[in-house]
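Structural overview
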Amino acid sequence: GKYEMLTHLGELAHLMTDAGLILITSITDIDDYELKMLKSLNYPNRTFVVNVGENRFNVEDVDLNLPENEDSGTAVKQIVDLLVKAVVLDPEYMI
């Protein structure tokens, strides 16, 4: 079910971020509790949340809010800027 899928995703995120990788995924129809569960499964690694459209989460749980109709180029730039600022990516590694 949904709980098992979220558990597997959280465990996968933890494995990948422990290895120094970035996992990007899209999830719909989750609530604050489920988002906190994903973050706790990835702990102590950082989970970034980009919300597209209406934000139904607690404001402090979302790192970036994008309008639903945001131009994809603009959205990608904002997400890359968020990652660069947060994890201080070496400018040599361009996304």
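Up top you'll find the structure we're talking about.
The following refers to the structure shown. Please read these numbers as outputs of a predicted model, since none were measured by experiment. Counting starts from 1 at the beginning of each chain's written sequence and moves along it residue by residue. For this predicted model, a pLDDT threshold of at least 70 governs which residues receive local features, and a threshold of 80 or more governs which side-chain atom pairs are given and counted, while totals over whole chains, interfaces and linings are taken from all residues. To obtain the side-chain values, all non-hydrogen atoms of the structure were included, while hydrogens and water were left out.

Some remarks on unusual backbone geometry
- The omega angle of the peptide bond from tyrosine 43 to proline 44 is 10 degrees, so this bond is cis rather than trans.
- Helix and strand definitions here come from DSSP, where helices need a minimum of 4 consecutive H or I residues and strands a minimum of 2 consecutive E residues; each element is numbered from the N-terminal end. Secondary-structure assignment places proline 44 in the loop between helix 2 (32-42) and strand 1 (50-52).
- Notably, aspartate 29 is not glycine yet its phi reads approximately 60 degrees, a positive angle.
- Mapped onto the elements, aspartate 29 comes out in the loop between helix 1 (2-18) and helix 2.
- The buried label goes to any residue with under 20% of its type's maximum accessible area, the exposed label to any with over 50%, and the partly exposed label to all in between, with areas taken from a 1.4 Å probe on protein chains only. By relative accessible area, aspartate 29 is classed as exposed at 54%.

Points about the environment of threonine 47
- The residue threonine 47 is located in the loop between helix 2 and strand 1 in this model.
- Along the backbone, threonine 47 and alanine 13 are 34 residues apart, and their C-alpha atoms lie at a distance of 8.6 Å.
- With residues up to four places along the chain from it excluded, the contact list for threonine 47 reads Lys39, Asn42 and Asp63.
- Within the structure, the side chain of threonine 47 is placed 3.1 Å from the side chain of asparagine 42, a separation counted as a polar contact. Whether two residues touch is decided by their heavy atoms; if any such pair falls within 4.5 Å, the residues are in contact. Here a polar contact is taken to be a pair of N or O atoms separated by no more than 3.5 Å, where protein atoms must pair a possible hydrogen donor with a possible acceptor and residues adjacent in sequence count only if both atoms sit in side chains.

A look at the layout of surface pockets
- Considered as a void within the structure, the largest pocket measures approximately 1,100 Å³ in volume.
- Elements that contribute at least two residues to the lining of the largest pocket include exactly helix 1, helix 2, strand 1 and helix 3 (72-87).
- For this classification, the nonpolar set comprises Ala, Val, Leu, Ile, Met, Phe, Trp, Tyr, Cys and Pro, the charged set comprises Asp, Glu, Lys and Arg, and every other residue, Gly included, is treated as polar. A breakdown of the residues in the lining of the largest pocket according to their chemical character gives 19 nonpolar, 11 polar and five charged. The definitions used throughout rest on a 1 Å grid laid over the protein atoms alone, on which a cavity is an enclosed set of points accommodating a 1.4 Å probe that cannot get out and a pocket is an open set flanked by protein within 12 Å on both sides along at least five of seven lines; lining residues are those having an atom within 4 Å of a point. Grid points are joined across faces, edges and corners, and a volume is the space filled by probe spheres set on the points.

Considerations on helix 2
- Within the span of helix 2, buried status applies to Glu34, Leu35, Met37, Leu38 and Asn42. Buried residues of helix 2, viewed axially, fall in a sector of 155 degrees; they line one side.
- Tucked inside the fold, the buried residues of helix 2 contact helix 1. Taking the helix axis as origin, the arc is that swept by the directions to the C-beta atoms.

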